[in-house]
Amino acid sequence: AADLAKRGWSQADMQLFSDERALARAGPEKVCQLVHDWFAAQLDVKDPDMQLRLLVASLKPVVAG
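Now for a description of the structure that goes with this document. (Residues numbered from 1 in each chain as written. Predicted model: local features only at pLDDT ≥ 70, side-chain atom pairs only at ≥ 80, totals over all residues. Heavy atoms only, no water.)

### A few points about helix H5 (residues 48-64)
Step number 1: If you check H5, its first and last C-alpha atoms are 23 Å apart, about what 17 residues at 1.5 Å a residue would give, namely 24 Å.
Step number 2: At Ser 58, H5 shows its maximal kink, close to 35°; a proline, Pro 61, follows between one and four residues later.
Step number 3: The complete set of buried residues in H5 reads Gln 51, Leu 55 and Ser 58.
Step number 4: Sitting at the head of H5, Asp 47 places a side-chain oxygen 2.9 Å from the backbone nitrogen of Asp 49. (Helix = DSSP H or I, 4+ residues; strand = E, 2+ residues; numbered from the N terminus. Expected span 1.5 Å × (residues − 1). Bend = angle between axes of the 7 residues up to and from the residue. Buried < 20%, exposed > 50% of the residue type's maximum accessible area, 1.4 Å probe, protein only. Polar contact = N/O pair within 3.5 Å; in protein donor to acceptor, adjacent residues only side chain to side chain.)

### A closer look at the environment of Asp 13
Step number 1: Considering the arrangement of structural elements, one finds Asp 13 in helix H2 (residues 11-18).
Step number 2: Along the sequence, Asp 13 and Val 31 sit 18 residues apart, while their C-alpha atoms lie 9.9 Å from each other.
Step number 3: Among all residues touching Asp 13, those that are not within four sequence positions of it are Gly 8, Lys 30 and Leu 34.
Step number 4: Within the local environment of Asp 13, its side chain forms a polar contact with the side chain of Lys 30, the two groups lying 2.7 Å apart. (Contact = heavy atoms within 4.5 Å.)

Shown next as structure tokens:
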């Protein structure tokens, strides 16, 4: 959350990103910006094991169907 705040995320952005229904109603520019920031923050994690765990958890819903 701290890394996302450094990227300019507000509390409203955090809530939007965690609410799949609200995210589905958001504009494509906002969704793209949030997703980009989400993965950029994970890729900036210096600990390779933690980075891998975060990326696996983020991608699990995508590959699980």
